[in-house]
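# Structural overview for review
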2 protein chains.
Amino acid sequence: MLTTGGCPKTALSIKDALEALEGRWKLLILFALSTGNKRFNQLAKEVTGITDKTLSKELKSLEANKLIQRTVHATFPPTVDYSITAHGMSLENVMEALHYWGLAHRQEIIGK
Amino acid sequence: MLTTGGCPKTALSIKDALEALEGRWKLLILFALSTGNKRFNQLAKEVTGITDKTLSKELKSLEANKLIQRTVHATFPPTVDYSITAHGMSLENVMEALHYWGLAHRQEIIGK
C-alpha cells in the first residue's frame, strides 16, 4: 500500500484507527484482556507502568469505542470486570503487524 | 496471536513499536513521505491539521528512530528535504492493518 503511494482516503482510515488507539496504553490494555476478563486491579498490575488514573481514563475511552465491555456482576458487594469485544478482537492483525515490526525495530535501533 | 493470549515478550515488542510511533502524527507523516521526498512546507500542507511546531518535533523523533532521513542539498541557498528510509518503509504491514481496521471501525462506530 505504501509503495503505491498515499491516497487521501487511505490516510483518513489510518487517522481514524490512530485516533481510536491513541497513546501507548490502549493496545496494551486490549492485549492484557485478550487472555480473559480482568478486574481493574488485575489490569493495573499486568499493564506495567500505567497509573490508576490513566488506566481508568483509557478504559472509559475503550468502552466508548466499543473495544471493551464493562460488566457489573450482581454479587454482594457488586463486582466489576472488563472484557474485550469482538470489535476489540478484530485488532488482532494490527497487533500482529506491530509485534513483528517492534521486533525488527528493536534490532534496528537497540541491537546495533 | 491475540487468541493465543498475551505473552510478556509479545507485549514488549508491541510496546517498543507503540513508543516509536507514539501519537497520531508519525504514521501520517510517513504515509505522506511514501509518495516521494518532500520539503517541510509540502509536509505541513499534506498532513492535514498538524502545526509547524508539532511537525518539526515529530520529524526529529522520526529521524532519531531511523524512520526518515533529512537531507541538506548543496544548492544556493541550501535546501532541505525529507525521505522515508527502508526501515520506515517496513511499516507497510502495520499501515495496511491499520487502514483496514480503520475502515471497519468507522463502520462500527460512525456507520451505525
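All of the points below concern the structure found in this document.

So, how was this worked out
- Residues numbered from 1 in each chain as written.
- Chains lettered and ligands numbered in written order.
- Predicted model: local features only at pLDDT ≥ 70, side-chain atom pairs only at ≥ 80, totals over all residues.
- Heavy atoms only, no water.
- Helix = DSSP H or I, 4+ residues; strand = E, 2+ residues; numbered from the N terminus.
- Rg over C-alpha atoms; globule rule 2.2 N^0.38 Å.
- Buried < 20%, exposed > 50% of the residue type's maximum accessible area, 1.4 Å probe, protein only.
- Contact = heavy atoms within 4.5 Å.
- Lys, Arg positive; Asp, Glu negative; His and termini not counted.
- Charge placed at Lys NZ, Arg CZ, Asp CG, Glu CD.
- Buried area = accessible area lost by both parts, 1.4 Å probe.
- Salt bridge = Lys/Arg side-chain N within 4 Å of Asp/Glu carboxyl O.
- Pairing = 2+ DSSP bridges.
- Least-squares fit on C-alpha atoms with pLDDT ≥ 70 in both.

We now examine the overall build of chain A. Along chain A, the regular secondary structure elements total 6 helices and 2 strands. Along its sequence from the N terminus, chain A presents helices and strands in the succession α-α-α-α-β-β-α-α. On C-alpha atoms alone, chain A measures out to a radius of gyration of 17 Å, which is more than a quarter above the 13 Å that the 2.2 N^0.38 rule sets for 112 residues. Every one of the 112 residues in chain A was classed for burial, and the buried ones make up 44%. The contacts in chain A between residues at least 6 apart in sequence include a share of 41% that link residues at least 24 apart. Here chain A holds 14 positive side-chain charges and 11 negative ones, and the gap between their average locations is 4 Å.

Once that is clear, we can look at the interface of chain A and chain B. At the interface, 53 residues of chain A touch 52 residues of chain B. For the pairing of chain A and chain B, the buried interface totals around 5100 Å² over both sides, and the portion due to carbon and sulfur atoms is 70%. At the boundary of chain A and chain B, one finds 6 salt bridges. For B:Glu19, the salt bridge goes to A:Arg24, with nearest N and O atoms at 3.1 Å.

Here the focus is the pairing of strand β2 (residues 79-84) of chain A. Residues and elements named next belong to chain A. One ladder, built from 6 bridges, connects strand β1 (residues 68-73) with β2; its direction is antiparallel. Of the residues in β2, the one forming a bridge with Ile68 is Ile84. Counting the residues that bridge the hairpin from β1 to β2 gives 5 residues.

Looking now at the relation of the copies chain A and chain B. Both copies of the chain are related by one operation, a rotation about an axis with a shift along it. By a simple turn and slide, chain A fits onto chain B: the slide is 0.0 Å along the axis, the RMSD is 0.0 Å, and the turn is 180°. Taken together, the turn and the small shift mark the pair as related by a two-fold rotation axis. The fraction of interface residues of chain A whose copies in chain B are also interface residues reaches 98%, indicating that both copies meet through the same surface.

Attention now moves to the pattern of salt bridges. One pass over the structure, following the stated rule, counts 10 salt bridges over all chains. Here A:Glu58 makes a salt bridge to A:Lys26, at a shortest N to O gap of 2.8 Å. Linking A:Glu58 in helix α4 (residues 52-64) with A:Lys26 in helix α2 (residues 26-33), this pair joins segments that are 32 residues apart in sequence. Comparing A:Glu58 with A:Lys26 shows no difference in burial state: the two are buried. A:Arg106 is the partner of B:Asp16 in a salt bridge, and the nearest nitrogen-oxygen pair spans 2.5 Å. Separated into two different chains, B:Asp16 in helix α1 (residues 8-20) and A:Arg106 in helix α6 (residues 92-110) make up a pair that spans both. For A:Arg106, a relative accessible area of 35% puts it in the partly exposed group. Through salt bridges with shared partners, a single ionic network connects A:Glu19, A:Glu22 and B:Arg24.

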